[in-house]
Amino acid sequence: MGKSREADPQSLQKYGVPLYSAAWLPYKELRSKLQPRDDHVDSSKQQEQQQQQEEEEEKIPKPSASSHEHYVVLAGGGGEGSSGIPNAVLLSCFDFSSNSLSSQPVAKLGLGSQLPYRMVVHPGRDGVICAFPSSCRFFDWDEVKDNEDHKLGLKPSKKVLTQLEDVGQQLALAFNSDSSVLAVGGEDGNLRVFKWPGMEIILNETQAHASLKDLCFSPDGKFLVSMGQRDLGRVWDVTSSTAVASLPKENDEIFASCRFSQKSDQAQVLYIAAITDKGSSIVTWNTSSWKRMSSKHVAREPVSSFNVSPDGKLLAMGMTQGDVLLVNSTNLRVQTLIRKAHLGIVTALAFSHDSRALVSASMDSSARVTLIEDNKSAAGGSSMQIIIFIIILAIAAYFLKNEVLPFLV
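Residues numbered from 1 in each chain as written. Predicted model: local features only at pLDDT ≥ 70, side-chain atom pairs only at ≥ 80, totals over all residues. Heavy atoms only, no water.

> I would appreciate a short explanation of the overall build of the chain in the present structure.
Each helix and strand in the chain was counted, giving three helices and 30 strands. Each of the 409 residues in the chain was classed as buried or not, and the buried ones make up 47%. Surface summary for the chain: the accessible area is close to 20800 Å², and the carbon and sulfur share equals 50%. (Helix = DSSP H or I, 4+ residues; strand = E, 2+ residues; numbered from the N terminus. Buried < 20%, exposed > 50% of the residue type's maximum accessible area, 1.4 Å probe, protein only. Areas by Shrake-Rupley, 256 points an atom, 1.4 Å probe, with all protein chains shown as cover.)

Set out below in structure tokens:
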């Protein structure tokens, strides 16, 4: 197990707001969103120019993640009342080359007395949905001009999510991979699935769980898994809008969170992070038979947040005492342990789209970005050390066999 070095303080920042959600934005989408437009050129001409530019950009080698900045979206606040802690959605910038997170948000959208307890970022360019105590609201990306620069911000959208007004607190929000379907799960156990962006209802299950706390789509979008507070998991066929399987617990397990992953051979695996009397474990499920394949104890503390890297190689676990774990998805061994990554409960985890970084957020108002080490290099170095050690042993054995040690001659 690797132990992370002491954090670069530039990659850990406090924003004065208890954070409940975190997500990355793709650089390509941001770049196209920030591209200046000429108001004197008609829309068809702009589209033609944009298409030509995109074709030219395809011919140019893409910059590595370390050569440009990425953006992180964070949401949280102090809720209602007179605590003085604002409710807001924050946009912060992370620079891979310097491993630094902006000390202040590059954009901040105040939300008054409404706490954004959950958030989901549209996988494309549409914007952000936040879940408030009684309703969900949609926010658009906003192009803000600062001198000659075009910067990104957020603004309330003209699009009203009528179907999600006065529905109570929603605890889980998820888009499928191609952003054509939105799933929403409520504190009251109601599961709603919509086509996006038209918001036509696909599934409305009023008693999916006693209280619904997590949702995830399979990579191909065919299945949706829902997790309740203390009951079993359920698998839904999105096309037929029916429940097709149940995921039972064993012994004292409490299912905390679920995520799908796709292996290099295109096989899909479902991971569930569970809390037990010994701490936390990871349960894997076969996505054809929906049978439990394995369960492995991973940590002594209860897990509070969970995610899987887009390349399927790593699982991330945030703990109630502030630790962050990176777990190898093949053998389920802890690869990296970041002790006291935060001073409070880790509320959210999100991998960058290229799987090279992990952002974690906490109730202590902090956000932290952890760069993922290149384990191939580390493994290569370890293998070379083993080879050299074996060669030295072979030489020593040869001289001992001949009863001659070279340094005694």
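> I would appreciate a short explanation of empty space enclosed by the protein in the present structure.
Regions of empty space are outlined by a rolling probe, equal in size to a water molecule, passed over the atoms. Taken as a whole and assessed by the stated rule, the structure comprises two cavities of 30 Å³ or more. Quantified by volume, the second largest cavity comes out at close to 40 Å³. Contributing to the lining of the second largest cavity are Val193, Ile202, Leu203, Leu224, Trp236, Asp237, Val238 and Ser241. Secondary-structure elements contributing two or more residues to the lining of the second largest cavity are strand E15 (201–205) and strand E18 (233–237). A breakdown of the residues in the lining of the second largest cavity according to their chemical character gives six nonpolar, one polar and one charged. (1 Å grid on protein atoms, 1.4 Å probe; cavity = no way out; pocket = protein on both sides within 12 Å on 5 of 7 lines; lining within 4 Å. Points joined across faces, edges and corners; volume = space filled by probe spheres on them. Nonpolar A, V, L, I, M, F, W, Y, C, P; charged D, E, K, R; others polar.)

> What am I meant to see in the pairing of strand E24 (residues 303–308) here?
Two faces, one strand: in a regular strand the side chains alternate between the faces of the sheet. Of all six residues that make up E24, five are buried, and the element is covered over most of its length. In this sheet, strand E25 (residues 314–319) lies alongside E24 in antiparallel orientation, the contact comprising five bridges. From the neighbouring strand, asparagine 307 faces E25, where its bridge partner is alanine 316. The turn joining E24 and E25, which pair antiparallel and follow one another in sequence, is formed by five residues; a positive phi near 75 degrees is taken by glycine 312. (Pairing = 2+ DSSP bridges.)

> What's the story with the confidence of the model for the chain in this structure? I'm lost.
Parts of the prediction with low pLDDT should not have their coordinates interpreted in detail. Counting all residues, the mean pLDDT for the chain is 86, and 77% of those residues have values of 70 or more. Counted against residues more than four places away or in other chains, residues 37–41, with its pLDDT under 50, gives five contacts. (pLDDT = per-residue confidence, 0-100. Contact = heavy atoms within 4.5 Å.)

> Even after reading the chapter, I still don't get the sheet that holds strand E19 (residues 242–247), so can you show me in this structure?
Hydrogen bonds between backbone atoms are what pair the strands of a sheet, whose relative direction is either parallel or antiparallel. Here four strands make up an open sheet; going across it, the order is E16-E17-E18-E19 and the pairing antiparallel. For this open sheet the edge positions go to strand E16 (212–217) and E19, each flanked by a neighbour on one side alone. Ignoring strand direction, the axes of neighbouring strands in this sheet form an average angle of 25 degrees. Note that strand E17 (residues 223–228) and E18 share four bridges and pair antiparallel. By the bridge assignment, serine 226 is partnered in E18 with arginine 234. (Axes fitted to C-alpha atoms, helices over the stretch in contact; angles between N-to-C directions.)

> Looking at this model, I keep getting lost on the nonpolar core. Mind explaining?
Most often, soluble globular proteins keep nonpolar side chains buried together rather than apart. Formed by 20 residues in total, the largest nonpolar core has its most connected members in Leu25, Val73, Leu91, Met119, Val121 and Trp141. Of all the secondary-structure elements, those providing two or more residues to this core are strand E3 (19–25), strand E4 (69–76), strand E5 (88–95), strand E7 (107–110), strand E8 (118–121), strand E9 (128–131), strand E10 (136–146) and strand E11 (149–156). (Core = buried A, V, L, I, M, F, W, Y, C linked by side-chain atoms within 4.5 Å.)

> What exactly am I supposed to notice about the sheet that holds strand E23 (residues 292–299) here?
On the basis of which strands lie adjacent, the open sheet formed by four strands has the order E20-E21-E22-E23 and antiparallel pairing. Of all the strands in the sheet, just strand E20 (254–262) and E23 have a single pairing partner and so form its edges. Recorded for the sheet is a direction-independent mean angle of 20 degrees between the axes of neighbouring strands. Where strand E21 (residues 268–276) meets strand E22 (residues 279–286), eight bridges bridge the pair, whose relative direction is antiparallel.

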